[in-house]
Amino acid sequence: MSRFGPGICGRGRATSLVARRYDNGVPLSPEEFYRNALRDADVDRRMSLSRMTGWEIFPFEPEGLRVVPLAAPVLPEPARYGEGSLSCRNCSAGDSGVIWSNDRWRLTVFDQPSGAPLVVMLTPHDHYDLVDLPDDLASELGMLIVHVARAIESLSHVARAHVSRWGDGGAHLHVFFFARPEGFIQLRGTCLAIWDDLLAAVPRNVRDGDAREVAVTLAKSFGGRFEAPTRDE
Ligand SMILES: [Zn+2]
């Protein structure tokens, strides 16, 4: 298995082209990256399914599936929420869904439960993206990730806490934690974020009970305050 998942290796031509570029110290421009990626695409700019559908954790059967055409790069990229004229959803969220906080960070649950037993989001109170965090907050983030993951994995029915930061939708740092249920090895790895959307939502009272237990555990181990979540309803 590669470090990205089972069966993701094997793009010989593309890899060799990239290696040649970087050997010369010249990174691929967006247009060059696009042309390079299309080397493995069909005339409609669609990639093969052959790699991902080989993963034992892939949630779809290959029959009837096809990859969407690869879109050309968009430059400059559109603004994210919290950039330019777009307001920040995190700064305007108030206390909605907050289950734990200290003076610098808050941990929230979403209004609606989803397929994973628990999904929580860690954000700083102040408007920073990941790469903008001052060192003191960056240090605290590292410790908090460990303590939040430890609290989630202390739930008896949870095998793993998956940690993700993408940041392509909003400019205010938000780190996701997905609880992977015990025994469901088919839900291992990156595809849990997809399964979370496919599975029936867990009952709200069950989700809220898990959230409360995680928040209480976190407050005991790291400090801060357990919060009874409020909702904008
Ligand atoms: Zn913000």
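Small disclaimer: the values here were computed from a predicted structure and weren't measured. (Residues numbered from 1 in each chain as written. Predicted model: local features only at pLDDT ≥ 70, side-chain atom pairs only at ≥ 80, totals over all residues.)

Engineer: Help me understand the environment of Asn205 in this model?
Structural biologist: Take Asn205: it is sitting in helix 5 (residues 204-222). It is 9.4 Å that separates the C-alpha atoms of Asn205 and Pro113, two residues lying 92 residues apart in sequence. (Helix = DSSP H or I, 4+ residues; strand = E, 2+ residues; numbered from the N terminus.)

Engineer: Just to check I follow, could you spell out the confidence of the model for the protein chain for this structure?
Structural biologist: Close inspection of predicted coordinates is inappropriate for parts of the model with low pLDDT. Summarising the model, the protein chain shows a mean pLDDT of 89, and 88% of its residues fall at 70 or more. Across residues 1-14, where pLDDT falls below 50, the model places 18 contacts with residues more than four positions away in sequence or in other chains. (pLDDT = per-residue confidence, 0-100. Contact = placed C-beta atoms within 7 Å.)

Engineer: For this particular structure, what's the right way to read the packing of helix 3 (residues 135-153) against helix 5?
Structural biologist: For any two helices packed against each other, the geometry is given by the interaxial angle and the distance between the axes. In the contact formed by helix 3 and helix 5, the axes pass within 9 Å of each other and the chain directions differ by 135°. Considering the angle they form, helix 3 stands oblique to helix 5. Both helix 3 and helix 5 take part in a crossing whose hand is right-handed. Together, Leu144, His147, Val148, Arg150, Ala151 and Ile152 of helix 3 and Val214, Thr217, Leu218, Ser221 and Phe222 of helix 5 make up the contact between the two elements. Residues belonging to the contact of helix 3 with helix 5 are distributed by class as follows: seven nonpolar, three polar and one charged. (Axes fitted to C-alpha atoms, helices over the stretch in contact; angles between N-to-C directions. Parallel < 35°, antiparallel > 145°, perpendicular 65-115°, else oblique. Left-handed = near helix turned anticlockwise from the far one by under 90°. Nonpolar A, V, L, I, M, F, W, Y, C, P; charged D, E, K, R; others polar.)

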